[in-house]
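# Secondary and tertiary structure notes
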Amino acid sequence: MTSVYEPWDTARGAEIIAEHAQLEGATIVILHALQEAFGYVPEAAIPMVASALNLSRAEVHGVFTFYHDFRKKPAGRHVLKLCCAEACQAAGGDRLAARAEAKLGIALGDTTADERVTLEPIYCLGLCATAPSAMLDGRLVGRLDEKRIDALLAEAQR
Amino acid sequence: MTMRVYVSRDAGAVAVGADKVALVLGLAASKHGLDIEIVRTGSRGLYWLEPMVEVATPQGRIAFGPVTEFNANSVLDAMISGSPHPLRLGVADEIPWLKRQTRLTFARCGVIDPRALADYRAHGGYKGLERALTLGSDDILADVTASGLRGRGGAGFPTGIKWKTVAQASADRKFIVCNADEGDSGTFADRMIIEGDPFVVIEGMTIASIAVGASKGYIYIRSEYPHAVGAMNAAITAAKRGGTLGARIGGSNHSFDLEVRVGAGAYVCGEETSLLESLEGRRGIVRAKPPLPAHKGLFGKPTVINNVLSFAAIPFILAGGAKAYADYGMGRSRGTMPIQLAGNIRHGGLFETAFGITLGELVDDVGGGTFTGRPVRAVQVGGPLGAYFPRELFDTPFDYEAFAARDGLIGHGGIVVFDDSVDMAKQARFAMEFCAVESCGKCTPCRIGSTRGVETIDKIRRSERVAENLAVVEDLCNTMKFGSLCALGGFTPYPVMSALKHFREDFGPAPTRLEAAE
C-alpha cells in the first residue's frame, strides 16, 4: 500500500496548523500533522508554525531538525525501515540490512534513483523477541530471513 | 452457542501474521456456518508461539501455536472437534512457561480485549481506583511506599517518595506524565501492556493524580509504536465514556484528563527531563537537575513522571495488594519485574517474576538458550546503555543492587542474547556510535566523547597502537561516566567497558598474550 500525500498548499498548511495551535507545547504535534498530510515538512511551513505559536523561526527550525522523524523532502513511494538495534543485530539483522543495501544499490538512509524505495534504519520497533524485524509503509514484519527480506524488497520496488 | 476464539492484536504477533490468521479463521468459520466470535487480545508474551490462538472451552482457554494462515483451517477443525492437533498447547494458563511466572502487572495482558472497559472491570480492573477514591492522599502514598515499588524505567527511584514530593509541593497546576518512550533495544514490556491492557496504565495514572492532586496527564509514546498509540487512544476514549476518566471520576470531586503525545524518533527523549522538553514542544535537550521534575517539571509545574510499568503496577498495590507486592523480591528490590527476553533466543518473550531469579536461569532455563543453537557468549542487560555479561556472571541475581555491584544495570528489564558469532569490539563501537547519533548535544563528555570513542575503537580494530588506544577508550569512558548530565552519556561506558573487560580477546591481541605465545 502506497501512502498518498497531498501536494503542498499554503491554505491547507495553515488549516492544519490552526487545528492544533491551541494545544500546550504544540510544535511537535503540528510537525507530525504536516508530515502526515504532505509526506514531509515543507520549508515554507516553518515560518507559518512559528508565527502561529508565537515562536521564532529558528526555534521551530531547531525542533524540526532535532528529531529523526521529520523529513525536509518527500520520501520514496515506499519506505522500508529495518530495525538495526542490538536485539536485531543479535539475530542476524546486520547481514539482512547489507543484503537490502546491495539489492537496492543504496545505503541505509537513502532513496533509490527512481524514487520508489527509501531504505531507513530504525532503532527498535519493540519486536525484539521476533527479531530481526522491519516495517514497510507502516506494516510490521518479524522473524525476517533472506527469503522474507527479498519478498519485502520486491514488494517495495513494485 | 457462540464459539469464542482469541487472537492477539499485539504488534509482535501481527508482525508474524496474526491479522491473516484472524482473517482466515473468520472466513473458514463463515464457510462452515459456524457462530464464532473472534476476540482480539494482547499477547501473552510467548512470542515463539505467536500467532497463538485460543478457544474458550469449559476446561478453560485451549491454546494453539504458532498458527499460520496455512494451518489455521486445521486448527479451527481441531477446535470444533476437540481432536488432537500438533499445534495444540493445552490450557493456556497451564503452559509451564506461563505458569511459573508471577503475573501481577501483566495479569490481564493477553487475556482481555484491550478495547473493552467491561472486560477490564470483569477481570478485577478499577478495584484500585475505587479504593483510592475512598482514601486520602496520605493513605495512597502510604500504600505505594509500603509496596516498595521502585521506578521501573531503569533508575529504580522509590515511587512513594517521588509522589510524596509532588503531593507536598504547592502549585496552581500539577501534572502526571507517563514515559512510554521505550527506546531500549530488547525491551517491549511498555508496548505490550499498552497494546494488551491499556486501562491498567490509565488506572495507575489516575490513582497518581488523586495522590498528588493533579488534574492533567500526558502519555508520551514513541512514534515507532503506532499500534500502542492506537490502543491507548481507544482506551482513553472508552475510559472517558465509562466515567473513569475526565470530570468527576466515579462520581467523586476529582477530575483527571489524559492526552497521548507522540514522540518523533529521538532516543534521548526517554530521559525524563528531555521528555518534558519534548512535551513542551522543544528540542529534547536534557535539563540539569536540580530542580527535580517533582518540583519544577512540565511547564515548570510539579510533575510525577514515571515509566509505564511503574504506573501499571499501581492498581494491584492500591487494590489492597501493597503488602503482597512487597513480599515478593529480594533486598531492596521488592515486587515483580516484567523481564523481556530477546535477540538470539529460543523462547523469547515477556517473563514477569519476583526479583532474585538469576541471569543464568533466565537465559538458559526460561529462554532455552539461543535460537541458532550455538552457545550463548554474551547477554546485554538493560538496553543500549546496559553492560554485556559473560557466562561467568550468570549467577548474578536479577536485582538493582546485585547488577550495580557487577558494573551493570537491570534498566528496563531487557535481556538481549548473543551467540558465539558476536564480535564484541563491534558491539562496543556500536554503543559509542549510538550515543554519538542520539546525544542531545548539551554536555561535552557525551557529545564529543562518544565520537572520539568510535574513532578510537576503529583504530583498535585496525590494530593501531592497541594498548595506547585502549587506555584512551578507558579514559573517555571515565570522563563520560562521571561528567555527563544524563544516563545517555553516563551509561554508554557500561556496554563499552564490560565488552573490554570480559571479552578482551575481541579487541586485538593483548600484549600479555603475545608474550605468553613467544
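Everything numeric here is computed off the predicted structure, so don't read it as measured data. (Residues numbered from 1 in each chain as written. Chains lettered and ligands numbered in written order. Predicted model: local features only at pLDDT ≥ 70, side-chain atom pairs only at ≥ 80, totals over all residues.)

Assigned secondary structure in chain B consists of 21 helices and 16 strands. Reported as C-alpha extents along the three principal axes, the dimensions of chain B are approximately 80 × 60 × 40 Å. Expressed as a percentage of the 518 residues in chain B, the buried residues total 57%. Residue pairs at least 24 apart in sequence account for 73% of intrachain contacts in chain B once pairs closer than 6 positions are excluded. (Helix = DSSP H or I, 4+ residues; strand = E, 2+ residues; numbered from the N terminus. Buried ≥ 20, exposed ≤ 12 C-beta atoms within 10 Å, placed from the backbone. Contact = placed C-beta atoms within 7 Å.)

Another point: the overall build of chain A. Looking only at helices and strands, chain A has seven helices and four strands in total. Along chain A, helices and strands appear, N-terminal first, in the series α-α-α-α-β-α-α-β-β-β-α. For chain A, the spread of C-alpha atoms along the three principal axes comes to 50 × 30 × 25 Å. In chain A, which comprises 158 residues, the share counted as buried stands at 43%. Considering only contacts in chain A between residues 6 or more positions apart, those separated by 24 or more positions represent 59%.

Glancing now at helix 16 (residues 424-438) of chain B. Residue and element names in this part refer to chain B. Compared with an ideal rise of 1.5 Å per residue, which puts 15 residues at 21 Å, helix 16 spans 21 Å between its outermost C-alpha atoms and is within 8% of the ideal. Across the 15 residues that make up helix 16, a large majority, eleven, are buried. Three or more residues of helix 16 are buried, namely Met424, Ala425, Gln427, Ala428, Arg429, Phe430, Ala431, Met432, Phe434, Cys435 and Glu438. Residues of helix 16 that are buried in the fold lie against strand 14 (376-381), strand 15 (388-390), helix 17 (444-461), helix 19 (487-491) and helix 20 (493-502). (Expected span 1.5 Å × (residues − 1).)

Residue and element names in this part refer to chain B. Read from one edge of the open sheet, four strands run 8-7-6-9, paired in parallel fashion. Each edge of the open sheet carries a strand with a single partner, namely strand 8 (257-262) and strand 9 (303-307). Along the sheet, successive strands turn relative to each other by an average axial angle of 20 degrees, direction set aside. Set on the sheet, helix 11 (residues 226-241) makes contact with strand 6 (175-180), strand 7 (216-221) and strand 8; between it and strand 8 the angle comes to about 165 degrees. (Pairing = 2+ DSSP bridges. Axes fitted to C-alpha atoms, helices over the stretch in contact; angles between N-to-C directions.)

Here we come to the interface of chain B and chain A. Each side of the interface is counted separately: chain B has 44 residues, and chain A has 35 residues. Looking at the side of chain B that touches chain A, the elements that each hand over two or more residues are helix 1 (11-14), strand 8, helix 12 (272-279), strand 12 (336-343) and strand 16 (414-419) of chain B. The residue inventory of the side of chain B that touches chain A, partitioned by class, reads 21 nonpolar, 15 polar and eight charged. (Nonpolar A, V, L, I, M, F, W, Y, C, P; charged D, E, K, R; others polar.)

Domain boundaries assigned for chain A yield domain 1 (10-66) and domain 2 (78-157). Between domain 1 of chain A and domain 2 of chain A, the C-alpha centre-to-centre distance is 30 Å. (Domains from an automatic or database assignment.)

Another point: the confidence of the model for chain B. All names here are of chain B. With 98% of its residues at a pLDDT of at least 70, chain B reaches an overall mean of 96. Contacts of residues 512-518 to residues separated by more than four positions or lying in other chains number one contact, the stretch itself having pLDDT below 50. Model confidence for the complex is summarised by a pTM of 0.96, with the ipTM given as 0.97. (pLDDT = per-residue confidence, 0-100.)

The next subject is the nonpolar core. Residue and element names in this part refer to chain B. Val177, Ile193, Val201, Ala208, Val379 and Ile415 are the most contacted members of the largest nonpolar core, which totals 222 residues. Sort the elements by how many residues they give to this core and helix 13 (residues 308-327) lands first, with twelve residues. In this structure Val201 touches Cys178, Ile193, Ile194, Val308, Phe311 and Ala312, once residues within four positions along its chain are discounted. (Core = buried A, V, L, I, M, F, W, Y, C linked by C-beta atoms within 7 Å.)

What follows is about the pairing of strand 14 of chain B. All names here are of chain B. Judged by how many residues are buried, strand 14 sits mostly within the fold: six of six residues are covered. Strand direction decides the pairing type here: strand 14 and strand 16, joined by five bridges, are antiparallel. Across the sheet, residue Val379 finds its bridge partner in strand 16, namely Val417. Counting the residues in the hairpin turn of strand 14 and strand 15 gives six residues, including Gly382, whose phi is positive at 95 degrees.

Residues and elements named next belong to chain B. Spatially, 2-1-3-4-5 is the arrangement adopted by the five strands of the open sheet, whose pairing is mixed. Since the sheet does not close on itself, it has two edges, and those belong to strand 2 (36-41) and strand 5 (88-91), each with one partner. Taking each pair of neighbouring strands and ignoring which way they run, the sheet shows an average axis angle of 25 degrees. As defined by bridge partners, strand 3 (residues 53-57) adjoins strand 4 (residues 60-64) across five bridges and the pair is classed as antiparallel. Note on strand 4: the bridge partner recorded for Val53 is Phe64.

All names here are of chain B. Splitting chain B by domain gives domain 1 (3-99), domain 2 (117-327), domain 3 (333-419) and domain 4 (424-514). For domain 1 versus domain 2, the distance between C-alpha centres works out to 33 Å. Of the residues lining the interface, seven residues belong to domain 1; the matching set on domain 2 comes to seven residues.

Let us now look at unusual backbone geometry. Here the bond from B:Gly65 into B:Pro66 is cis, since omega is -5 degrees, no more than 30 degrees from zero. Its place among the elements puts B:Pro66 in the loop between strand 4 and helix 3 (72-81). With an omega dihedral of 0 degrees, the bond running from B:Pro290 to B:Pro291 counts as a cis peptide bond. Structurally, the position occupied by B:Pro291 is in the loop between helix 12 and strand 9. Even without glycine at this site, A:Arg143 takes up a positive phi of about 45 degrees. Summarising the element assignment, A:Arg143 is placed in the loop between strand 4 (139-141) and helix 7 (146-157). For B:Arg248, which is not glycine, the phi dihedral falls at a positive 45 degrees. Position of B:Arg248 relative to the elements: it lies in the loop between helix 11 and strand 8.

What follows deals with the packing of helix 1 (residues 10-20) of chain A against helix 2 (residues 27-38) of chain A. All names here are of chain A. The interhelical angle for the contact between helix 1 and helix 2, taken along N-to-C directions, is 145 degrees, at an axis separation of 9 Å. For the pair helix 1 and helix 2, the crossing hand works out as right-handed. Contacts between helix 1 and helix 2 involve Arg12, Gly13, Ile16, Ile17 and His20 on the former and, on the latter, Val29, Ile30, Ala33, Leu34 and Ala37. (Left-handed = near helix turned anticlockwise from the far one by under 90°.)

Turning our eyes to something else, we now look at the pairing of strand 1 (residues 78-83) of chain A. Residues and elements named next belong to chain A. Here strand 1 lies mainly inside the structure; six of its six residues are buried. On strand 1, burial covers both faces: His78, Leu80 and Leu82 on one face and Val79, Lys81 and Cys83 on the other are all buried. The pairing of strand 1 with strand 2 (residues 117-122) spans six bridges and is parallel. Across the sheet, the residue bridging to Lys81 is Glu120, located in strand 2. In this structure, strand 1 lies alongside strand 3 (residues 134-136), joined through three bridges in antiparallel fashion. Each residue of the ladder has a partner; that of Leu80, found in strand 3, is Leu136.

It helps to recall that an α-helix has 3.6 residues per turn; residues three or four apart then point in one direction. With twelve residues, helix 2 of chain A should reach 16 Å at 1.5 Å per residue; the first-to-last C-alpha distance of 17 Å fits that figure. Those residues of helix 2 of chain A not exposed but buried are A:Thr27, A:Ile28, A:Ile30, A:Leu31, A:His32, A:Leu34, A:Gln35 and A:Phe38. Where helix 2 of chain A is buried, its residues meet helix 1, helix 3 (45-53) and helix 4 (57-66) of chain A together with strand 8 and helix 12 of chain B. Immediately downstream of helix 2 of chain A, the backbone of A:Gly39 shows phi near 85 degrees, a positive value.

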